[in-house]
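Topology and contacts: notes
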Amino acid sequence: MEDFHCPITKHLMIEPSVNEAGETYELQAIEMWYSRGNYVDPKTGIKVKDTRLYPNILVKRLILKQMKNDMDKSINNPSILLAHHLLLKAVKRREVELDIESFGNFLSLSEILGDTKDDGEEVKNEERKAKFTKKDEWEQIEEEAFATYFGVDFHIMDQVNGKALIQKAAKAGSDCAMGKCYQEGWGVKLDTKLAIEFYHKSAGAGSSHGMCRLGKSFQTGYGVTKDYSTAVEIFRRAARRGNSNAIYNLGICYDEGYGVEKSTKIALSLYHEAAIRGNSHAETNLGFAYMHGNGVQLSQAKAARCYFRASQQENSVALSNLGLCYQHGKGVAKNIAKAIGLYKRSAELGHKGAMNNLGYCHENGIGVAQNMNEALKWYKEAAKLQSAKARKNIENLIKKFPDLKKVEVRKNSGVLA
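Residues numbered from 1 in each chain as written. Predicted model: local features only at pLDDT ≥ 70, side-chain atom pairs only at ≥ 80, totals over all residues. Heavy atoms only, no water.

**Structural notes on the overall build of the protein chain**
Operational definition: Each helix corresponds to a stretch of at least 4 residues labelled H or I by DSSP, and each strand to a stretch of at least 2 residues labelled E; elements are numbered beginning at the N terminus. Using a 1.4 Å probe on the protein chains alone, a residue whose accessible area is under 20% of its type maximum counts as buried, one over 50% counts as exposed, and one in between counts as partly exposed. Contact criterion: two residues are considered in contact whenever any of their non-hydrogen atoms come within 4.5 Å of each other. All accessibility values rest on the Shrake-Rupley procedure with a 1.4 Å probe; residue burial counts only the protein chains present in the view.
Within the protein chain, the regular secondary structure consists of 21 helices and three strands. Within the protein chain, the proportion of its 417 residues that are buried is 49%. Long-range pairs, those at least 24 residues apart, make up 54% of the contacts in the protein chain with a sequence separation of at least 6. Accessible surface computed for the protein chain: about 20400 Å², of which carbon and sulfur atoms make up 50%.

**Some points on unusual backbone geometry**
Look at Phe-154: it is not a glycine, yet its phi comes out positive at around 70 degrees. Among the secondary structure elements, Phe-154 is positioned in the loop between helix H7 (137-150) and helix H8 (159-172). At Glu-314, a residue that is not glycine, the phi angle is positive and equals roughly 60 degrees. With respect to the element layout, Glu-314 can be found in the loop between helix H16 (300-311) and helix H17 (316-328).

**Re the side chain of Asn-315**
Position of Asn-315 among the secondary structure elements: in the loop between H16 and H17. Setting aside its immediate chain neighbours within four residues, Asn-315 contacts Met-157, Ser-280, His-281, Thr-284 and Ala-310.

**Looking at the nonpolar core**
Here is the rule we go by: Only buried Ala, Val, Leu, Ile, Met, Phe, Trp, Tyr and Cys residues count toward a nonpolar core, and they belong to the same one when joined by side-chain atoms within 4.5 Å.
Counting 89 residues, the largest nonpolar core has Ile-166, Leu-270 and Tyr-271 as its most contacted members. When near neighbours in sequence (up to four residues on either side) are disregarded, Tyr-271 contacts Tyr-248, Gly-251, Ile-252, Asp-255, Ala-282, Asn-285 and Leu-286. One finds Leu-12, Leu-27, Ala-29 and Val-59 within the second-largest nonpolar core, a separate group that totals 13 residues.

**Section: the packing of helix H19 (residues 352-364) against helix H20 (residues 372-384)**
Note the following rule: Comment: axis = line fitted to C-alpha atoms, over the contacting stretch for helices; angle = value between 0 and 180 degrees taken between N-to-C directions. Oblique is the label for any angle not under 35 degrees, not over 145, and not in the 65 to 115 range, which are roughly parallel, roughly antiparallel and roughly perpendicular in turn. In this scheme the handedness of a crossing depends on how the near helix is turned from the far one: anticlockwise by less than a right angle means left-handed, clockwise means right-handed. Amino acids outside the nonpolar list (Ala, Val, Leu, Ile, Met, Phe, Trp, Tyr, Cys, Pro) and the charged list (Asp, Glu, Lys, Arg) are all regarded as polar, and Gly is one of them.
Put simply, H19 and H20 touch, their axes get as near as 8 Å, and they point 165 degrees apart. When the axes of H19 and H20 are compared, the pair comes out roughly antiparallel. Regarding H19 and H20, the two cross each other, and that crossing is left-handed. Every residue of H20 that contacts H19 at Lys-352, Met-355, Asn-356, Leu-358, Gly-359, Tyr-360, His-362 and Glu-363 is listed here: Met-372, Glu-374, Ala-375, Trp-378, Tyr-379, Glu-381 and Ala-382. Broken down by class, the residue content of the contact of H19 with H20 amounts to eight nonpolar, three polar and four charged.

In structure tokens, the structure reads:
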């Protein structure tokens, strides 16, 4: 793992951070370097004007992956395994620890969830066992599959590869993955009833992913009668097992008052806990809270940092929001070219807001040549995804330019966590 050692400290990086020169260092080490008046990159000697630093999510994910592999290889050596586990925990949590004070006196996950008589001790025992027990092949594939598909646990969101991994997990014996295949019609005939049966089976066997999918079904009314209270209880069970998507979805319930008394403090606490575990959706929601001062002190700079972290996992909402930050200079230096690039990537991933923003930029010549046909094309694509704002923009544009030629509209798809 020498490639992941900080050039300054020569030790494995716990909080890899990128500077203006594009080099990666341990955060505290490079901050100390700058604090001593060294305004050059220590590795390349390039002059540095902007000393702001950003987490390198890609390097962090590679470090985590390598450490997990090392833990598997050391399964029969308890002392090495314990050392790796403690370091792995430090790497995962270190990045967000520095933000805790700025969030205020938030609740911990254990304070929110507590322990229940029926499964509290059982969960603790399962978590202890999971730390030091090698998982079956289908369990490993299941974790990788859902993390990749949804862009959580520090994984880059990749629906194509995620779908393939879910199908692979299903063939290897994952009931949760099989349920997802029946839900989407991947390799099997779409069957809602069978999907729910497999989710129930998976959840009953103790899979946090199965619990999360079952909870989501009750939250949305997919294949079952919508029941927010039941969804909340299932999310709680999965959250106790550390499932970041369950923690995030439980945060949504508290944010919206689904099955629980609405509480912004608890919602943000849960988003924070999920973000610590590499959940890009929770990270994006935290960015939104910072940007608008919802439950936290307004800070555009911290909002941009949250969006940046989530965008490195290809989260389409975060990419679009970060684009807005660059377009309007909120929390970052104004950079229209970067904004356009972020909007384009977000639009490619199916985000209707980014499509609308691209349409607006083309209509008004912001960062691109003014082109009404191109503007109309992006507005139409956003409208296909049920954007009321886009439909209004199309209506206004046609009124101004009734002779606009027809344009082809490509299909887009999105994904919900």
